[in-house]
Amino acid sequence: MSPAAADYDLVVLGAGPGGYVAAIRAAHLGLRTAVVERDRPGGVCGNWGCIPSKALLADAALFAELKTAAGRGILADNVRVDYARVIARSREVADRQAKGVEFLFKKNAIAYRQGVGRLARGGVTVDGERIGARFVLLATGSRERTLPGLEVDGQIVVTSREALERPVLPASAVIVGGGAVGVEFAYLYATFGAKVTVVEMAETLLPGMDVDLGRELARAFARQGIEVLLGHRYEGLARGEGRARVTVAGKDGPRTLDAAQVLVAVGRAPLSEDLGLSEAGVRTEKDFVVVDASLRTSAERVYAIGDLVGPLLLAHAASAQGIVAVETMAGKRAAGQGLDPARVPMCIYCMPEVAAVGLGEAEARARGGEVRVGKFPFRALGKAMATGHTDGFVKVVSGARHDEILGVHMIGAGVTDLIAEAGLACTLEATTEDLVATVHAHPTMAEALREAALVARGEGINV
Ligand code: FAD
């Protein structure tokens, strides 16, 4: 099909944070754009991920504050949870999110089609009907992975998908996987009163992040009564009368864990099958679509972003990639000007929260150059003491030679918002000297970043 004969300049498959943001940017750039979504606008993020899970976690944090408020002179007797209502509110938030995205499509004159899309010559098909497009952007996301024997039944064995709408709090839960989703659900369930065990194969929680973060989180979880089994591998499951018996194995041998529910949180698999990829010449590797720095696939005029391409699997990464892709298509961005993964922050919203951007200490050291590390504990900070949130620290990793900030790693209350300053510092290629020269308001939790930079320079004041 000639470009002029195409129905649209761009058809986007998938209306998650990758697809919908890309579509809006494309419309801003004057591309005639359509979005095809098989489920609801907002994708996993809006409907089954970021937003509904953060609604639940916000309620858990509120409940945790109320439970301990008596120690601060706030007497609220008989505080209980109506878990079905907590879930219902989170679903309402997700519904609002989906409607918001649909409104944005209308506002930006983007055609929205509900249906299952698939690549076809010169465009796509939607439930078999052909739509011509000059460019196609694949943004179909991912789905939950499971393990053999842990097939989801929605009652005893669930993934985050079922857990987000199940109105019953399990009395006890084994969570297989100590990554972001696993630790968020561990905090959620334990705060509302469930007995929780997290089983993680690696030697720390949050594998892949700076190890100090996972270690500190494990200590905080222990204080919250959450059992964490590190270096333990899931071996098998026996389902009984409304109960699960999970076998795990660590260096001391096998162990069985009884629980009302098993939550599988072992990562996500890209939704790349049934998209007509191989017929269209789109190369994949381990099911992820292979892209270059501009998010171009191996097929001409076909781009791909988000969870479908990995490995970041974060909503804001998907959105940022979507912008890169459509700006490249529209000729507004030179080929190769992509997204630097070292500048993409990663946040986890249990309590204490966890946030990081850039290189971890071990990664920075492995690169060979000399590094400096500054760590500042929240317990030494006035605002943390005043608010009663003294768990955690901020850690700054910088290059010894040029003083550039290589990475910032935080654990504590509110750090998922504090990380934005560190992200900006990385974007501007700031130094610890710049952080120190920035006057931070007192008392704020943000002062901990400046204090950690001072420590990295050997000039610590409050520690
Ligand atoms: P998705 O959001 O998965 O959207 C893809 C869309 O494509 C879906 O709506 C799907 O229905 C649609 N689709 C699939 N196939 C087709 C087809 N053939 N035709 C038409 N439509 C199709 N990330 C964060 O950054 N912060 C968080 O706090 C966070 N929390 C999370 C919590 C949980 C429990 C989970 C599971 C994930 C969380 N994530 C979080 C990850 C985040 O949700 C994903 O990284 C993000 O949604 C990926 O965006 P995407 O646009 O690539 O894909």
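Scroll up a little and you will see the structure.
Criteria and cut-off values
- Residues numbered from 1 in each chain as written.
- Predicted model: local features only at pLDDT ≥ 70, side-chain atom pairs only at ≥ 80, totals over all residues.
- Heavy atoms only, no water.
- Helix = DSSP H or I, 4+ residues; strand = E, 2+ residues; numbered from the N terminus.
- Expected span 1.5 Å × (residues − 1).
- Buried < 20%, exposed > 50% of the residue type's maximum accessible area, 1.4 Å probe, protein only.
- Contact = heavy atoms within 4.5 Å.
- Near = heavy atom within 4 Å.
- Polar contact = N/O pair within 3.5 Å; in protein donor to acceptor, adjacent residues only side chain to side chain.
- Areas by Shrake-Rupley, 256 points an atom, 1.4 Å probe, with all protein chains shown as cover.
- Nonpolar A, V, L, I, M, F, W, Y, C, P; charged D, E, K, R; others polar.
- Pairing = 2+ DSSP bridges.
- Axes fitted to C-alpha atoms, helices over the stretch in contact; angles between N-to-C directions.
- Phe/Tyr/Trp six-rings, centres within 6.5 Å; stacked < 30°, edge-to-face > 60°.
- Lys NZ or Arg CZ within 6 Å of the ring centre and 35° of its normal.
- Salt bridge = Lys/Arg side-chain N within 4 Å of Asp/Glu carboxyl O.

(A) Structural detail: helix H3 (residues 50–68). Along its 19 residues, H3 runs 27 Å from first to last C-alpha, staying within 8% of the 27 Å computed at 1.5 Å per residue. Pro52, Ser53, Ala55, Leu56, Leu57, Asp59, Ala60 and Phe63 are the residues of H3 that are buried. On its buried face, H3 sits against helix H2 (43–48), helix H4 (83–107) and helix H6 (180–191).

(B) Local environment of the site of the ligand. Neighbouring the ligand are 36 residues, the closest being Glu37, Lys54, Gly117, Asp307 and Ala315. Here an oxygen atom of the ligand and a backbone polar atom of Leu313 are 3.3 Å apart. The fraction of the free accessible surface of the ligand (1000 Å²) that becomes covered by protein chains is 94%. Mapped onto the shell around the ligand, the elements with two or more residues apiece are helix H1 (17–28), strand E2 (33–37), H2, H3 and helix H9 (315–329). Per-element accounting of the shell around the ligand gives the leading share, 4 residues, to H2. Residues belonging to the shell around the ligand are distributed by class as follows: 16 nonpolar, 14 polar and 6 charged.

(C) Region of the structure containing the sheet that holds strand E24 (residues 405–412). Spatial ordering of the open sheet is given by E20-E21-E24-E23-E22, a layout of 5 strands whose pairing is antiparallel. Two strands bound the open sheet, and with one partner strand each, they are strand E20 (346–348) and strand E22 (371–377). Strand-to-strand twist across the sheet, computed as the mean angle between neighbouring axes with direction ignored, equals 10°. With 6 bridges joining them, strand E23 (residues 393–399) and E24 adopt antiparallel strand pairing. Each residue of the ladder has a partner; that of Phe393, found in E24, is Ile411. Running over the sheet, helix H12 (residues 415–427) touches E20, strand E21 (353–358) and E24 and is turned about 10° from E21. Where helix H14 (residues 447–456) meets the sheet, it contacts E22, E23 and E24, and its direction lies at approximately 135° from that of E22.

(D) Representation of the packing of aromatic side chains. Tallied over the full model, the rule gives 5 aromatic pairs. With centroids separated by 5.4 Å and ring planes inclined at 25°, the aromatic side chains of Phe105 and Tyr112 adopt a geometry described as stacked. The buried category is assigned to Phe105, whose relative accessible area is 1%. Judged by centre distance (6.1 Å) and plane angle (75°), the rings of Phe135 and Tyr303 are edge-to-face. Of the two residues, Phe135 sits in strand E6 (residues 129–138) while Tyr303 sits in strand E19 (residues 302–304), which places them 168 residues apart along the sequence. Accessibility assignment for this pair places Phe135 and Tyr303 in one class, buried. By way of ring pairs, the aromatic residues Phe63, Tyr83 and Phe192 are connected into one cluster. The side chain of Arg161 reaches across the aromatic face of Trp48, ending 3.5 Å from its centre. Positioned above the aromatic ring of Phe135 is the side chain of Arg301, whose terminal nitrogen or guanidinium carbon lies 5.1 Å from the ring centre.

(E) How the structure looks around the environment of Gly115. Residue position: Gly115 is located in the loop between strand E3 (111–114) and strand E4 (117–120). Separated by 80 residues in the primary sequence, Gly115 and Val35 have C-alpha atoms spaced 9.9 Å apart. Beyond its immediate chain neighbours, meaning those up to four positions away, Gly115 contacts Val36, Glu37, Arg38, Val126 and Asp127.

(F) Representation of the pattern of salt bridges in the model. Within the structure shown, the criterion is met by 33 salt bridges. Here Glu184 makes a salt bridge to Lys54, at a shortest N to O gap of 2.9 Å. Pair noted here: Glu184 is in helix H6 and Lys54 is in helix H3, with a separation of 130 residues, a long-range link. For Glu184, a relative accessible area of 7% translates into the label buried. One salt bridge in this structure joins Arg296 and Asp292, with 2.8 Å as the shortest N-O distance. Judged by relative accessible area, which is 33%, Arg296 ranks as partly exposed. Given the relative accessible area of 32%, Asp292 is considered partly exposed. Bridged by salt links that share partners, the residues Asp210, Asp212, Arg215, Glu361, Arg365, Lys375 and Lys395 form one connected network.

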